[in-house]
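Given next are the chains, with one letter for each unit.
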Amino acid sequence: MYPLTTLFNALDNALEGSMTANTWPAMGAERQPRADVLEGEKDFRIVMEMPGVRNSDLELSLEDDTLNVKAERIAAVPEDYKARRRELLDKVVLRRSFSLGNAVDADRIQANLQDGVLTITLPKSQKSLPRRIEVK
């Protein structure tokens, strides 16, 4: 069995001429996370993948009739470790916007982040719900 340093040195030698961990620039990216938009009888739901995002990294805002979702995920090298090879981006910004129109009751929007999945519940406004009209 070879020690890890020997394996890393062999890997570095095999990749000679390509970028190594010491020469890779700090990388960042902005991405649009995938989302499902679902419609129920009394509400809409937006379900989005947010891997590695914590509640404190997540920001939801409502401007006019647009729901904005933004999250930042930072993949730092743990203390007492040296990066031998980095394939993860140092910083990823996840951003997505949804136009709500007047079909949503903006005061009752709720959001829940669990196991890397963000679920936003958008209750339908009373005006958009079907209603029965009495005939006299």
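An account of the accompanying structure is given in this report. Just so you know, these numbers come straight off a predicted model, no measurement behind them.

## Re the pattern of salt bridges
- Counted according to the given criterion, the structure contains 5 salt bridges.
- Residues R54 and D57 are paired through a salt bridge, measuring 3.3 Å at the closest nitrogen-oxygen approach.
- The class of R54 is exposed, set by a relative accessible area of 54%.
- Looking at D57, the relative accessible area reads 22%, which means it is partly exposed.
- Here D105 ties to R108 by a salt bridge, and the two come within 2.9 Å at their closest N and O atoms.
- For D105, a relative accessible area of 25% corresponds to the partly exposed category.

## Digging into unusual backbone geometry
- Of note in the backbone geometry, D80 takes a positive phi value of approximately 70 degrees without being a glycine.
- Among the secondary structure elements, D80 is positioned in the loop between β5 (66–74) and β6 (91–99).
- The phi dihedral of D115 falls on the positive side, at around 55 degrees, and the residue is not glycine.
- Counting through the fold element by element, D115 comes out in the loop between β7 (110–114) and β8 (117–123).

## Things to note about the environment of R45
- Tracing the sequence through the fold places R45 in strand β3 (residues 43–49).
- Residue classification places R45 among the partly exposed positions, given a relative accessible area of 39%.
- The residues contacting R45, other than those within four sequence positions of it, are D36, V37, L38, T119, I120 and T121.

Analysis parameters
Residues numbered from 1 in each chain as written. Predicted model: local features only at pLDDT ≥ 70, side-chain atom pairs only at ≥ 80, totals over all residues. Heavy atoms only, no water. Salt bridge = Lys/Arg side-chain N within 4 Å of Asp/Glu carboxyl O. Buried < 20%, exposed > 50% of the residue type's maximum accessible area, 1.4 Å probe, protein only. Helix = DSSP H or I, 4+ residues; strand = E, 2+ residues; numbered from the N terminus. Contact = heavy atoms within 4.5 Å.

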